[in-house]
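Descriptive analysis of the structure
Residues per chain are reported as follows:
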Amino acid sequence: GDDRASAHTSSMESISTVSDEPLLPESASPPPPRHLTRLRSHRVLLVVRSAAKMKKSGEAKGGLAAKGAQQRTFLSGSYRMLTNNPVYLMLVFVPPALLSALLGMSDGAVFALSCCAILPLAGLLGDATEQVALHTNETLSGLLNATFGNATELIVAIFALQKGMLTVVQVTLLGSILSNTLLVLGCACLAGGLTAQKSTFNKVAAVSNAALLQIAVLGLEIPTLLFYVNNDQRPDIHLSRGISAGLLVLYCLYIFFQLHTHKDFFDAPSASDQSLSLSRGHGLDKEGEEEEEEEVLLSLWGAVSWLGMATVLIAFISEALTGTLEGAAHGWGLSEAFVGFCLVPIVGNAAEHSTAVVVAYKQKMDLALGVALGSSTQIAIFVIPLMVLIGWAIGQPLDLFFGPFPTAITFLSSLLVFIVVQNGETNWLEGVMLLFSYAFICYAFFYL
């Protein structure tokens, strides 16, 4: 009996000792209910399956990068490309614009339909160029974007030049420069100022584009100054052709500088890009979404097909647009200078304008300035000199004497833009100032 009592006492002490110790760590929570355990197990299973799929996709990523377009048919890739941008809904205006002349419509109606049709075709031309560039190396990609970046303005100018509309060519090209430097850049600065107190960008690229724009404007100033020095006598056309050839050489050197010798300067991220990348973490932005990357939607020949189709359609519609510009201006009670300076450049660059505003709102100011300043610089030192030489080849006496008022306006605008971008940062007030400057100039052309 004594042995049983002692055994019972020892067992009770052991139970008491165990019960005094906590069964779970103090930081641990009690086990979850059974239904939550099953739910968490199900989520873990999904994560494991997802990770396995990501691993397989990651292992095959190298092959898909090279054959991504081949995995997608031409129709499905085209559908993805056309549904990604709402502006392509305006492609419904292309057939009426092509048939408007045959239907006997008025010049105003033909011109309006042509403007509505060129707007989405210009965006399609840019997207097709980007798809072609994705199948090439970095250098060739840069050359393609540089060459076709302002193809719409070039095609419209060529058809106007063939018709001998020299003033329309000059005013339209100057309007493209000022719409990019004042309107687009102003909207981009304003959009960036809505999401950040101060927007920064790559100062080297911006100042290089602004300096080249100043040099191109100098090429326009020289014939104008000689006009007054020579007692209002128009300078010899060979002066303009020589300056144009020099500007084309300078443009080629700039492309070589940007894509080969000093490409690291242009690829350097701005301060806002660096801070934005630090806040994202592991490739995620503030909302936790992955950064957007260029997607191969079309094969090389599929992209080339869309590029050729868009170019041909723009050529046909440009023929109708330039042919009815004069009649439309008179029918609407507007001057040809106002229509050529304000309406045609805005229509031709609308797709790029929207892109610049969207990326600036996301604080990607380098892309926004690449659209605004890059396009205006390209027109100034590439498209305008090229048009002078093309006019020489087809017997049209196009020169760099654009008149005192347009030349002075372009010079002052380029100087204003240089002041805005020289410090590598901008804000919403500077955007408003650029927009007011563009409005003043358009208002002046309304009375020209």
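Residues numbered from 1 in each chain as written. Predicted model: local features only at pLDDT ≥ 70, side-chain atom pairs only at ≥ 80, totals over all residues. Heavy atoms only, no water.

Turning next to the overall build of the chain. Helices and strands together make up the secondary structure of the chain, namely 19 helices and 2 strands. In the chain, the share of contacts with a sequence separation of at least 24, taken over all contacts with a separation of at least 6, comes to 82%. Carbon and sulfur atoms form 65% of the exposed surface of the chain, whose accessible area is close to 23800 Å². (Helix = DSSP H or I, 4+ residues; strand = E, 2+ residues; numbered from the N terminus. Contact = heavy atoms within 4.5 Å. Areas by Shrake-Rupley, 256 points an atom, 1.4 Å probe, with all protein chains shown as cover.)

Moving on to the packing of aromatic side chains. Here the structure, examined in full by the defined rule, presents 11 aromatic pairs. Taken together, a centroid distance of 5.6 Å and an interplanar angle of 85° make the contact between Phe338 and Phe446 edge-to-face. Here Phe338 is found in helix H15 (residues 336-348), whereas its partner Phe446 is found in helix H19 (residues 428-446), with 108 residues between them in sequence. For Phe338, a relative accessible area of 16% corresponds to the buried category. The exposure class of Phe446 is partly exposed, given its relative accessible area of 40%. (Phe/Tyr/Trp six-rings, centres within 6.5 Å; stacked < 30°, edge-to-face > 60°. Buried < 20%, exposed > 50% of the residue type's maximum accessible area, 1.4 Å probe, protein only.)

So, on to helix H17 (residues 365-394). Helix length check: H17 (30 residues) gives 41 Å between terminal C-alpha atoms against 44 Å at 1.5 Å per residue, within 8%. Along H17, the helix axis deviates most sharply at Ile379, where the bend reaches about 40°. Just past H17, the residue Gly395 takes up positive phi, approximately 85°. (Expected span 1.5 Å × (residues − 1). Bend = angle between axes of the 7 residues up to and from the residue.)

Our focus in this paragraph is the environment of Phe446. Each C-alpha atom, one on Phe446 and one on Val339, is 8.7 Å from the other, the two residues being 107 residues apart in sequence. Sequence-distant contacts of Phe446, that is, excluding residues within four places in its chain, are made with Leu334, Ser335 and Phe338.

Attention now goes to the pattern of salt bridges. For the coordinates displayed, the defined rule picks out 3 salt bridges. Linking Glu425 and Lys198 is a salt bridge whose minimum nitrogen-to-oxygen distance equals 3.6 Å. Here Glu425, found in strand S2 (residues 425-426), pairs with Lys198, found in the loop between helix H9 (166-195) and strand S1 (199-200); they are 227 residues apart in sequence, far enough to count as distant. For Glu425, a relative accessible area of 28% corresponds to the partly exposed category. Accessibility expressed as a relative area gives 47% for Lys198, which makes it partly exposed. (Salt bridge = Lys/Arg side-chain N within 4 Å of Asp/Glu carboxyl O.)

All right, on to the packing of H15 against H19 then. Packing of H15 against H19 leaves a shortest axis separation of 7 Å and a crossing angle of 140°. With respect to each other, H15 and H19 are oriented oblique. Crossing angle aside, the handedness with which H15 passes H19 is left-handed. Of H19, the residues touching H15 (which contributes Ala337, Phe338, Phe341, Cys342 and Ile346) are Tyr438, Ile441, Cys442, Phe445 and Phe446. Its residues assigned to classes, the contact of H15 with H19 shows 10 nonpolar, no polar and no charged. (Axes fitted to C-alpha atoms, helices over the stretch in contact; angles between N-to-C directions. Parallel < 35°, antiparallel > 145°, perpendicular 65-115°, else oblique. Left-handed = near helix turned anticlockwise from the far one by under 90°. Nonpolar A, V, L, I, M, F, W, Y, C, P; charged D, E, K, R; others polar.)

By secondary structure assignment, the location of Ala328 is in helix H14 (residues 300-332). Each C-alpha atom, one on Ala328 and one on Asp107, is 5.1 Å from the other, the two residues being 221 residues apart in sequence. Apart from residues lying up to four places away in sequence, Ala328 is in contact with Asp107, Gly108 and Phe111.

Before going further, it helps to examine empty space enclosed by the protein. Within this structure, the stated rule accounts for 1 cavity of 30 Å³ or more. The computed volume of the largest cavity comes to approximately 70 Å³. What lines the largest cavity is simply Ile118, Thr152, Glu153, Val156, Thr172, Leu321, Val344, Pro345, Val347 and Gly348. At the level of elements, helix H8 (151-162) and H15 are the ones that each hand at least two residues to the lining of the largest cavity. Looking at the lining of the largest cavity element by element, the count peaks at 4 residues for H15. In terms of residue class, the lining of the largest cavity is made up of 6 nonpolar, 3 polar and 1 charged. (1 Å grid on protein atoms, 1.4 Å probe; cavity = no way out; pocket = protein on both sides within 12 Å on 5 of 7 lines; lining within 4 Å. Points joined across faces, edges and corners; volume = space filled by probe spheres on them.)

To continue, consider the packing of H9 against H17. One can describe the packing of H9 onto H17 by two numbers: an axis separation of 9 Å at closest approach and a directional angle of 170°. In terms of orientation, H9 and H17 fall into the roughly antiparallel class. Here the residues of the contact of H9 with H17 are counted per class, giving 16 nonpolar, 5 polar and no charged.

Moving on, we get to unusual backbone geometry. With a phi angle near 65°, Gln363 is a residue other than glycine that sits in the positive phi range. Position of Gln363 relative to the elements: it lies in the loop between helix H16 (350-361) and H17.

By size, the foremost hydrophobic cluster in this structure holds 103 residues, and its most contacted members are Phe111, Leu173, Leu185, Phe341, Leu369, Met387 and Val421. Among all residues touching Val421, those that are not within four sequence positions of it are Leu185, Phe201, Ala206, Val207, Ala210, Leu369 and Leu373. (Core = buried A, V, L, I, M, F, W, Y, C linked by side-chain atoms within 4.5 Å.)

Turning our eyes to something else, we now look at the confidence of the model for the chain. Across the chain, the average pLDDT comes to 77, with 74% of residues at 70 or higher. Mean pLDDT values over the elements of the chain span from 38, in helix H2 (residues 34-59), up to 92, in H19. Here residues 11-71 scores under 50 on pLDDT; set against residues more than four positions off or in separate chains, the count is 10 contacts. Between residues 271-291, whose pLDDT stays under 50, and residues either more than four places distant or in other chains, the model counts 19 contacts. (pLDDT = per-residue confidence, 0-100.)

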